[in-house]
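Chain and residue survey
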Amino acid sequence: MSSVYPFTIMTPTYNRAHTLQRAYDSLCEQSVQDFEWVIVDDGSTDHTAELVAQWQRQASFPIVYHWQTNQHKKTAFNQGVKLAKGELLVALDSDDTLVPNALEQLQKHWAAIDASERANYLGVVGLCARPNGQIVGDRFPADPLDITSLELNFRYNVRGEKFGALRTDVLAKFPFPEDIPGFVPESLVWRSIARAGYKTRFVNTVFRVYYDSADSLSVQGKTSQQHALGLWLLAYDTVQFCWPWAKHDPKAWLMAAVRYTRFGKHLRATQTKAPAGYKLRGWRARGVVALMSPLGYVLYWRDCQRSRTSRTEHQA
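The rules behind these values
Residues numbered from 1 in each chain as written. Predicted model: local features only at pLDDT ≥ 70, side-chain atom pairs only at ≥ 80, totals over all residues. Heavy atoms only, no water. Helix = DSSP H or I, 4+ residues; strand = E, 2+ residues; numbered from the N terminus. Rg over C-alpha atoms; globule rule 2.2 N^0.38 Å. Buried < 20%, exposed > 50% of the residue type's maximum accessible area, 1.4 Å probe, protein only. Contact = heavy atoms within 4.5 Å. Areas by Shrake-Rupley, 256 points an atom, 1.4 Å probe, with all protein chains shown as cover. Lys, Arg positive; Asp, Glu negative; His and termini not counted. Charge placed at Lys NZ, Arg CZ, Asp CG, Glu CD. Expected span 1.5 Å × (residues − 1). Arc of directions from axis to C-beta. pLDDT = per-residue confidence, 0-100. Pairing = 2+ DSSP bridges. Axes fitted to C-alpha atoms, helices over the stretch in contact; angles between N-to-C directions. Left-handed = near helix turned anticlockwise from the far one by under 90°. Polar contact = N/O pair within 3.5 Å; in protein donor to acceptor, adjacent residues only side chain to side chain.

Another aspect to go through is the overall build of the protein. When helices and strands are tallied, the protein shows 12 helices and 9 strands. Compactness check: the protein gives a C-alpha radius of gyration of 21 Å against a globular reference of 20 Å for 316 residues, within 12% of the reference. With the C-alpha coordinates aligned to their principal axes, the bounding extent of the protein is approximately 60 × 55 × 40 Å. Across the 316 residues of the protein, 49% fall into the buried class. Across the protein, every contact between residues at least 6 apart in sequence was considered, and the portion connecting residues at least 24 apart equals 81%. When the accessible surface of the protein is totalled, it reaches about 15600 Å², and 52% of it is carbon and sulfur. Measuring between centres, the 37 positive side-chain charges of the protein sit 11 Å from its 30 negative side-chain charges.

Okay, structure coming up:
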């Protein structure tokens, strides 16, 4: 299906009427207004629907509102991709904003890729900044940098929140797995796309203003049992499939083997079954997990001790 717009701004939301206004305001301020805004409401019970209906009557750009029963952000993301009519999809969280010229700059960087090569690219990704202007995480070592996300992570060890515009048709081919309950790391999707050969153009341009929220994963803590399955899946992916890149960052590969044991213990403690088909194959993956398992057990024990201490403090 041919694209109707250059961009789809897609926002999954859940009870965020109190923050969605600033996202809307930032879209109204864009120097390029040729886009649609797709809002996927994951079962909100606040006044999100009424707020969006008001914007639909006054906005200079089309707003598509889709309500669904509460499922999960990954399901809302997949639904947003299905609804999108833009060539490039910009996934804007419901508590963040775009800088005023974000779409204009994204369009410029995308157009700068040779037309004969764009079929091999996922999109353009840049930087995030906090409200005070501080850059989130690392800058890219070159600008532009045309590589896969796997190379970015393992070869250049670039960390921190990044943001950009990605091809809608490629995202449709690599949806988030909805058969896995709860949190699924975005990295699993980006890695699958990278292994399929798609490069990304990385640029040191700020496109998004990032606001910390009380219910973000970083605030909840990455050792939480609530996210154990997702973190175990990410560790599995690293150990099983990322050996070709391990030479650039062997420590990351070894620590993934530690987390495989650590979060696997959390899954067994909560009687959570790992999805079918996720078994270690090959002597290399099995060997590194066996080698690093003692440290995995130690970190699991530490997690349990911290959990007991936290419960005791809340009961006091």
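Time to look at helix α7 (residues 186-195). Since the α-helix advances by 3.6 residues per turn, residues separated by three or four positions end up pointing in the same direction. Those residues of α7 that fall on the buried side of the exposure criterion are Leu188, Val189, Arg191, Ile193 and Ala194. On its buried side, α7 packs onto β6 (121-129), α5 (149-154), α6 (168-173) and α9 (228-241). Positioned one or two residues after α7, Gly197 has a phi angle of 105 degrees, which is positive.

In this model helix α1 (residues 17-28) runs 17 Å from its N-terminal to its C-terminal C-alpha over 12 residues, within 8% of the 16 Å that 1.5 Å per residue would give. Those residues of α1 that fall on the buried side of the exposure criterion are Ala17, Thr19, Leu20, Ala23, Tyr24, Ser26 and Leu27. Taken end-on, α1 shows its buried residues confined to a sector of 160 degrees, consistent with a single buried face. Tucked into the core, α1 has its buried residues touching β1 (5-13), β2 (35-41), α2 (48-58), β3 (63-67) and β5 (97-98).

Here we come to unusual backbone geometry. A cis amide bond links Asp143 with the next residue in sequence, Pro144, at an omega value of 0 degrees. You can see Pro144 is positioned in the loop between β6 and β7 (145-147). One non-glycine residue, Asn15, lies in the positive phi region at around 50 degrees. A relative accessible area of 23% means that Asn15 is categorised as partly exposed. Despite not being glycine, Gln271 has its phi angle at roughly 55 degrees, a positive value. We classify Gln271 as exposed; its relative accessible area is 73%.

Take the environment of Glu29 next. Residue position: Glu29 is located in the loop between α1 and β2. On the basis of relative accessible area, Glu29 is assigned to the exposed category, the value being 52%. In the structure, Glu29 is positioned 69 residues away from Leu98 in sequence and 8.9 Å away in space, judged by C-alpha atoms.

This prediction gives the protein a mean pLDDT of 91; 94% of its residues lie at or above 70. For the stretch residues 215-223, pLDDT sits under 50, and the model shows 17 contacts to residues farther than four places along the chain or on other chains.

Counting buried residues in β6 gives 9 out of 9 residues, a clear majority hidden from the surface. Pairing of β6 with strand β9 (residues 199-209) involves 7 bridges; the strand directions are parallel. Residue pairing across strands places Tyr121 opposite Lys199, the latter belonging to β9. Here 5 bridges tie β6 to strand β8 (residues 162-167), and the two strands are oriented antiparallel to one another. Among the inter-strand pairings, Gly123 is bridged to a residue of β8, identified as Leu166.

Attention now moves to the packing of α9 against helix α11 (residues 250-269). Contact geometry of α9 with α11 gives a least axis separation of 8 Å together with a crossing angle of 145 degrees. For the element pair α9 and α11, the recorded crossing hand is left-handed. Here Ala228, Leu229, Leu231, Trp232, Ala235, Tyr236, Thr238 and Val239 of α9 come into contact with α11, specifically with Ala252, Trp253, Ala256, Ala257, Arg259, Tyr260, Phe263, Gly264, His266 and Leu267.

Bringing the pairing of β9 into the picture now. The buried fraction of β9 is high, at 8 of 11 residues. Alignment of β5 against β9, held across 2 bridges, turns out to be antiparallel. Opposite Thr97, over in β9, you have Val209 as the bridge partner. By the bridge criterion, 3 bridges tie β7 to β9 in an arrangement that is antiparallel. The residue of β9 that forms the bridge with Asp146 is Arg201.

Tracing the chain through its elements places Thr48 in helix α2. Thr48 has contacts with Thr13, Arg16, Ala17, Leu20, Asp41 and Tyr65, leaving out every residue within four places of it along the chain.

Before going further, it helps to spend a moment on the environment of Ser60. For Ser60, the location among the structural elements is in the loop between α2 and β3. Residue Ser60 is classed as exposed on the basis of its relative accessible area, which comes to 60%. On a C-alpha basis, the gap between Ser60 and Cys28 in space is 7.6 Å, while along the polypeptide they are 32 residues apart. Within the structure, the side chain of Ser60 is placed 2.6 Å from the side chain of Gln33, a separation counted as a polar contact.

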